[in-house]
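# Observations on chain architecture
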Amino acid sequence: MSATVPYEDKRFPLTQPVTTFLWEVRGPDRVEATGECPGCRCVTVKVWKEIQYVTKGPAKPLRGLFDDGEPRLAMCECQTWHVNRPDQVPDGCGASFWLAPPPQGLSL
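Rules used throughout
Residues numbered from 1 in each chain as written. Predicted model: local features only at pLDDT ≥ 70, side-chain atom pairs only at ≥ 80, totals over all residues. Heavy atoms only, no water. Helix = DSSP H or I, 4+ residues; strand = E, 2+ residues; numbered from the N terminus. Buried < 20%, exposed > 50% of the residue type's maximum accessible area, 1.4 Å probe, protein only. Contact = heavy atoms within 4.5 Å. Areas by Shrake-Rupley, 256 points an atom, 1.4 Å probe, with all protein chains shown as cover. Phe/Tyr/Trp six-rings, centres within 6.5 Å; stacked < 30°, edge-to-face > 60°. Lys NZ or Arg CZ within 6 Å of the ring centre and 35° of its normal. Salt bridge = Lys/Arg side-chain N within 4 Å of Asp/Glu carboxyl O.

The next point concerns the overall build of the protein chain. When helices and strands are counted, the protein chain shows zero helices and six strands. Element order for the protein chain, N to C, with α for helix and β for strand: β-β-β-β-β-β. Of all 108 residues assigned to the protein chain, the portion counted as buried reaches 31%. The long-range share in the protein chain, meaning contacts at least 24 apart out of those at least 6 apart in sequence, stands at 60%. As displayed, the protein chain offers around 7,200 Å² of accessible surface, 53% of which is attributable to carbon and sulfur atoms.

Right, let's talk about the packing of aromatic side chains for a bit. Applying the stated criterion to the full structure yields four aromatic pairs. Here the aromatic rings of Trp-23 and Trp-48 are separated by 5.2 Å at their centres, their planes lie at 10°, and the arrangement is stacked. Taken together, the positions of Trp-23 in strand S2 (residues 22-25) and Trp-48 in strand S4 (residues 43-49) put the pair 25 residues apart, joining distant regions of the chain. Trp-48 carries the same exposure label as Trp-23, and that label is buried. Aromatic pair Trp-48 and Phe-66: ring centres 5.3 Å apart, planes at 90°, arrangement edge-to-face. With a gap of 18 residues between them, Trp-48 in strand S4 and Phe-66 in the loop between S4 and strand S5 (72-75) connect regions that are remote in the sequence. Exposure class is identical for Trp-48 and Phe-66. Each is buried. Of the aromatic side chains, those joined through ring pairs into one cluster are Trp-23, Trp-48 and Phe-66. The ring of Trp-48 carries the charged tip of Lys-46 above its face, separated from the ring centre by 5.3 Å.

Here we take up the pattern of salt bridges. This model, assessed by the stated rule, comprises six salt bridges. Between Asp-68 and Arg-72 there is a salt bridge, with its nearest N and O atoms 2.7 Å apart. On the accessibility criterion, Arg-72 (15% relative accessible area) is buried. Salt bridges linked by common partners bring Glu-24, Arg-26, Arg-30 and Glu-32 together as one network.

And the structure:
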């Protein structure tokens, strides 16, 4: 965790998905991936939730979202303060990166 890493809009390529995150299923409607941000090295958590949109119809179930084994986009959402972070951005260092789901898949 380093506050000396300034905020920067940095995008890591899809060709290098991060494989070190811990994936956890937190019930039928929540999946969390926790690990070290490749930009600032702070601990960050990416959460996928099944959300019901009242005006858009039924929720999209999480069950099928991870079946293809494709990397998923994540952004740093660490709680560390980073120099030059815009006021409208509440957390993170500005890095966006791809997470490789666990090779054994997720049991939802």
